[in-house]
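Structural overview for review
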Amino acid sequence: MKIIRNIKYLRTIIREIKSKNQLLGFVPTMGSLHSGHISLLMESINENDVTICSIYVNPTQFNDPVDFAEYPREYNSDIDLLQSLNCDIVFLPTDKTMYPENHKPIDYEFSNYMNILEGEKRPGHFLGVITIVHKFFNLIHPDRAYFGEKDYQQLWLIRLFTKKFQIPIEIKDCKTIRDKNGLALSSRNKNLTEQQKEHAQSLFLAIDSLRCAIKGKSYLNNKNFIDLKDQLVSQFLSNSWIKLDYFEVIEDESFRFVREIKHDKKYRILIAAYVGGIRLIDNMLIE
Ligand code: AMP
């Protein structure tokens, strides 16, 4: 596996790949790799001639300096893991490489959906995400890029971004990987104590219960829908361990907030909450 830290070497390798007409898959990560990342990597490795994984904790997408400082960083074990998976290239840039002195922020405000849910609770977050993804796309020129459904709003915005900016990269989505109790895997879970981890399962229980309840009904008017949500919030999310940020349902295709439930549409439940001081997100499709 090639370990690349500077852009000059990266460009040479990318040129080589392109000159051989090899299909290039790209998996951007912030490291501290777990089975969720591995599922993205395996899809890319299976579908492409060459897979490149980036590991970079991107400062501009963090609105909370404590979260940024405490974000787990495990570069050595990540490299060992990538090697064992037969990943071809890992790109490990520094801040100076990604944000050189002449870096000028671009105003990527291409959608109001950047400012709701995660965007509202973490101002500037999606601007940081789109900035770094665009930089990676420009440097790497992958044929396909792999993103997890776990960060659903991010995935949705990246799809919209590539469409609006006519970027010829296929965006592939990968299912959320969970632990045996349903908790969605996340690098931030490594900062949870065992007890906090048990309480973090409530996020999964709340969205899964709402999913089952909605699935069982052909129609829910606004009042019944709100009552159902309130009931699940008090059952699973109203205790001293959990601080709820949002618990919302959207129409899966349009990303619009839902007021009533009709049987002929696909919906998605999205949740974000702090457990201890750790912010976790999850979502689930209702088919
Ligand atoms: P991160 O390192 O958290 O920025 O995540 C890198 C990529 O892995 C993103 O596209 C995430 O959506 C995806 N990812 C993170 N956790 C999971 C998971 N539990 N299941 C599937 N994909 C995930």
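Below, the structure is looked at part by part.

Procedures and definitions
- Residues numbered from 1 in each chain as written.
- Predicted model: local features only at pLDDT ≥ 70, side-chain atom pairs only at ≥ 80, totals over all residues.
- Heavy atoms only, no water.
- Helix = DSSP H or I, 4+ residues; strand = E, 2+ residues; numbered from the N terminus.
- Rg over C-alpha atoms; globule rule 2.2 N^0.38 Å.
- Contact = heavy atoms within 4.5 Å.
- Areas by Shrake-Rupley, 256 points an atom, 1.4 Å probe, with all protein chains shown as cover.
- Lys, Arg positive; Asp, Glu negative; His and termini not counted.
- Charge placed at Lys NZ, Arg CZ, Asp CG, Glu CD.
- Near = heavy atom within 4 Å.
- Polar contact = N/O pair within 3.5 Å; in protein donor to acceptor, adjacent residues only side chain to side chain.
- 1 Å grid on protein atoms, 1.4 Å probe; cavity = no way out; pocket = protein on both sides within 12 Å on 5 of 7 lines; lining within 4 Å.
- Sits in = over half its atoms within 2 Å of the grid points.
- Nonpolar A, V, L, I, M, F, W, Y, C, P; charged D, E, K, R; others polar.
- Salt bridge = Lys/Arg side-chain N within 4 Å of Asp/Glu carboxyl O.
- Buried < 20%, exposed > 50% of the residue type's maximum accessible area, 1.4 Å probe, protein only.
- Phe/Tyr/Trp six-rings, centres within 6.5 Å; stacked < 30°, edge-to-face > 60°.
- Pairing = 2+ DSSP bridges.
- Axes fitted to C-alpha atoms, helices over the stretch in contact; angles between N-to-C directions.

Quick look at the overall build of the protein
Looking only at helices and strands, the protein features 10 helices and 11 strands. In summary, the protein has a C-alpha radius of gyration of 20 Å against a globular reference of 19 Å for 287 residues, a match within 12%. In terms of its C-alpha atoms, the protein occupies a principal-axis envelope of roughly 60 × 40 × 35 Å. Contacts spanning at least 24 positions in sequence make up 72% of the contacts within the protein whose residues lie at least 6 apart. Of the roughly 14300 Å² that the protein leaves accessible, carbon and sulfur atoms contribute 48%. Across the protein, the 38 positively charged side chains and the 37 negatively charged ones have centroids separated by 3 Å.

Details of the site of the ligand
Not every one of the 17 residues close to the ligand is listed here, only the nearest: Met30, His37, Gly148, Asp151 and Leu185. Within the backbone of Met30, an N or O atom sits 2.9 Å from an oxygen atom of the ligand. Here Ile177 contributes a backbone N or O atom positioned 2.9 Å from a nitrogen atom of the ligand. Its free accessible area being 490 Å², the ligand has 93% of it covered by the protein chains. More than half of the atoms belonging to the ligand lie within 2 Å of the grid points that define the largest cavity. Every element with two or more residues in the shell around the ligand is listed here: strand E2 (24–29), helix H2 (35–47) and strand E5 (144–148). A class-by-class count of the residues in the shell around the ligand yields seven nonpolar, seven polar and three charged.

Some thoughts on the pattern of salt bridges
Side-chain pairs of opposite charge can arise whenever the charged atoms involved come near each other. All told, the structure shown has 19 salt bridges when counted by the stated rule. Here Lys175 and Glu149 are joined by a salt bridge, their closest N and O atoms 3.7 Å apart. Linking Lys175 in the loop between strand E6 (170–174) and helix H9 (194–215) with Glu149 in the loop between E5 and helix H8 (152–164), this pair joins segments that are 26 residues apart in sequence. In this structure, the salt-bridge partner of Arg268 is Asp252, at a minimum N-O distance of 2.7 Å. One end of the pair, Arg268, is in strand E10 (residues 267–275); the other, Asp252, is in the loop between strand E8 (242–251) and strand E9 (261–262), with 16 residues separating them in the sequence. Judged by relative accessible area, which is 3%, Arg268 ranks as buried. Owing to a relative accessible area of 13%, Asp252 belongs among the buried residues under this scheme. Through salt bridges with shared partners, a single ionic network connects Glu47, Arg144, Glu170 and Lys172.

Section: the packing of aromatic side chains
The description of two aromatic rings rests on the distance between their centres and on the angle between their planes. Counted by the stated rule, this structure contains 15 aromatic pairs. Note on Phe26 and Phe136: the rings are 5.6 Å apart at their centroids and 65° apart in plane angle, and the pair reads as edge-to-face. Here Phe136 lies in helix H7 (residues 125–140) and Phe26 lies in strand E2, a separation of 110 residues in the sequence. The same class applies to Phe26 as to Phe136, namely buried. Residues Tyr113 and Trp156 carry aromatic rings whose centres are separated by 5.0 Å and whose planes lie at 65° to one another, so their mutual orientation is edge-to-face. Taken together, the positions of Tyr113 in the loop between helix H5 (95–98) and helix H6 (118–121) and Trp156 in helix H8 put the pair 43 residues apart, joining distant regions of the chain.

Concerning the sheet that holds E10
Ordered by their spatial adjacency, three strands build an open sheet running E8-E10-E11, and the pairing between neighbours is antiparallel. Two strands lie at the open edges of the sheet, namely E8 and strand E11 (278–286), each paired on one side alone. Each strand of the sheet is rotated relative to its neighbour by a mean of 15°, with strand direction disregarded. Direction of pairing for E8 relative to E10: antiparallel, over a ladder of nine bridges. Within E10, the residue paired with Tyr246 across the bridge is Ala272.

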